[in-house]
Amino acid sequence: NAGVTQTPKFRILKIGQSMTLQCAQDMNHNYMYWYRQDPGMGLKLIYYSVGAGITDKGEVPNGYNVSRSTTEDFPLRLELAAPSQTSVYFCASSLRQGFYNEQFFGPGTRLTVL
Amino acid sequence: GESVGLHLPTLSVQEGDNSIINCAYSNSASDYFIWYKQESGKGPQFIIDIRSNMDKRQGQRVTVLLNKTVKHLSLQIAATQPGDSAVYFCAEPSYGGSQGNLIFGKGTKLSVKP
């Protein structure tokens, strides 16, 4: 199994541009998550999904959108990129939501908005 | 609301010594905690977890201690090795609307001196 994969690894955007961060998992996990990690900080939840067709906002959803058309894929869309969105983005998945679940993380996408 | 934070942002230890990384939490109802390790340029990786009905849990070279009286937990790494150099996060599930999603602390950077 490849686990959780993310593309691209790095990206530089200009203010106002848009892009999609790709995330895929091959563990047949129902639950998937997007986090952002600012320098020297912990991770903050942007959006999560409990299954295909179902998504919900996390702690910091403004400026982002997600979709979940399949169990495997959970892309994160940035519209009108802003410097405040410069961060490292991590996708994660878990077998179940709720307590006592282990989340598996992808390698991250480092995004810079100039 | 809940919060998870760490006492020290950095910790430097000699190879072979034991390491202790601390974490404080504020929600007395918190009943599950997880430690993650994040190596440079990678996503977080699950190390060990502990439930509130336990005071101690051991893994391979790692031990987590939970003191519910003072709302404090620690991660102890025995015989620290260069490969242990990473940022360590404690995390707990969100007890608010996004139940089961993780709240991360800021992290402690562990450096191992040869």
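Residues numbered from 1 in each chain as written. Chains lettered and ligands numbered in written order. Predicted model: local features only at pLDDT ≥ 70, side-chain atom pairs only at ≥ 80, totals over all residues. Heavy atoms only, no water.

Caption draft 1: Region of the structure containing the overall build of chain A. When helices and strands are counted, chain A shows zero helices and eleven strands. Starting at the N terminus, the α and β elements of chain A follow one another as β-β-β-β-β-β-β-β-β-β-β. Scaling as 2.2 N^0.38, a compact globule of 114 residues should have a C-alpha radius of gyration of about 13 Å, and chain A matches this with 13 Å. If you line up chain A on its principal axes, its C-alpha atoms span 40 × 30 × 25 Å. Within chain A, the proportion of its 114 residues that are buried is 46%. Pairs at least 24 apart in sequence give 56% of the contacts found in chain A among residues at least 6 apart. Working note: accessible area of chain A is about 5,400 Å², and carbon and sulfur atoms make up 52% of it. (Helix = DSSP H or I, 4+ residues; strand = E, 2+ residues; numbered from the N terminus. Rg over C-alpha atoms; globule rule 2.2 N^0.38 Å. Buried < 20%, exposed > 50% of the residue type's maximum accessible area, 1.4 Å probe, protein only. Contact = heavy atoms within 4.5 Å. Areas by Shrake-Rupley, 256 points an atom, 1.4 Å probe, with all protein chains shown as cover.)

Caption draft 2: Quick look at the side chain of Gln6(A). Residues and elements named next belong to chain A. If you trace the backbone, Gln6 turns up in strand β1 (residues 4-7). The buried category is assigned to Gln6, whose relative accessible area is 5%. Reaching out from Gln6, the side chain makes a polar contact with the backbone nitrogen of Cys91 at a distance of 3.0 Å. Separated by 3.0 Å, the side chain of Gln6 and the backbone nitrogen of Gly108 make a polar contact. Each residue touching Gln6, except ones within four places of it in the same chain, is listed here: Gln22, Trp34, Tyr89, Phe90, Cys91, Gly106, Pro107, Gly108 and Thr109. (Polar contact = N/O pair within 3.5 Å; in protein donor to acceptor, adjacent residues only side chain to side chain.)

Caption draft 3: View of the interface of chain B and chain A. Contact with chain B, which involves 23 residues of that partner, is made by 22 residues of chain A. Note on chain B versus chain A: buried area summed over both sides is about 1,800 Å², and carbon and sulfur give 58% of it. Joining chain B to chain A, the criterion identifies two residue pairs in polar contact (both at pLDDT 80 or more). Taken together, the elements giving at least two residues each to the side of chain B that touches chain A come down to β4 (32-38), β5 (45-51), β9 (86-93) and β10 (102-104) of chain B. Among the elements that make up the side of chain B that touches chain A, the one with the highest residue count is β4(B) (four residues). Here the side of chain B that touches chain A is composed, by residue class, of ten nonpolar, nine polar and four charged. (Buried area = accessible area lost by both parts, 1.4 Å probe. Nonpolar A, V, L, I, M, F, W, Y, C, P; charged D, E, K, R; others polar.)

Caption draft 4: Structural view of the environment of Thr69(B). Among the secondary structure elements, Thr69(B) is positioned in the loop between β7 (62-67) and β8 (72-77). Spatially, the C-alpha atom of Thr69(B) lies 21 Å from that of Ile48(B), the residues being 21 residues apart in sequence.

Caption draft 5: Expanded view of the environment of Lys56(B). Residues and elements named next belong to chain B. Tracing the chain through its elements places Lys56 in strand β6 (residues 56-58). Once the C-alpha coordinates of Lys56 and Lys37 are considered, the two residues, 19 residues apart in sequence, prove to be 19 Å apart. Residues in contact with Lys56, not counting those within four places in the same chain, are Ile50, Thr63, Val64 and Leu65.

Caption draft 6: Representation of the side chain of Asn27(B) in the model. Residues and elements named next belong to chain B. Tracing the backbone shows Asn27 in the loop between β3 (19-25) and β4. According to the relative accessible area criterion, Asn27 is buried, its value standing at 18%. A distance of 2.9 Å separates the side chain of Asn27 from the backbone nitrogen of Ala29, its partner in a polar contact.

Caption draft 7: How the structure looks around the state of the cysteines. All names here are of chain B. On inspection of all chains with the given rule, the structure shows two disulfides over all chains. Covalent S-S linkage joins Cys23 and Cys90, the inter-sulfur distance amounting to 1.7 Å. The S-S bond linking Cys23 to Cys90 shows a torsion near 55 degrees; that makes this disulfide right-handed. Of this pair, Cys23 sits in strand β3 while Cys90 sits in strand β9; the two residues are 67 residues apart in sequence, bridging distant segments of the chain. The exposure class of Cys90 is buried, given its relative accessible area of 1%. (Disulfide = S-S within 2.5 Å.)

Caption draft 8: Quick peek at the sheet that holds strand β7 (residues 64-66) of chain A. Residues and elements named next belong to chain A. The strand order β1-β3-β8-β7 describes an open sheet built from four strands, whose pairing is antiparallel. Here the strands that pair on one side only, and so sit at the sheet edges, are β1 and β7. Direction aside, neighbouring strands of the sheet carry axes that sit 20 degrees apart on average. Both β7 and strand β8 (residues 76-78) contribute to a ladder of three bridges, which runs antiparallel. Paired with Asn65 across the two strands is Arg77, which belongs to β8. (Pairing = 2+ DSSP bridges. Axes fitted to C-alpha atoms, helices over the stretch in contact; angles between N-to-C directions.)

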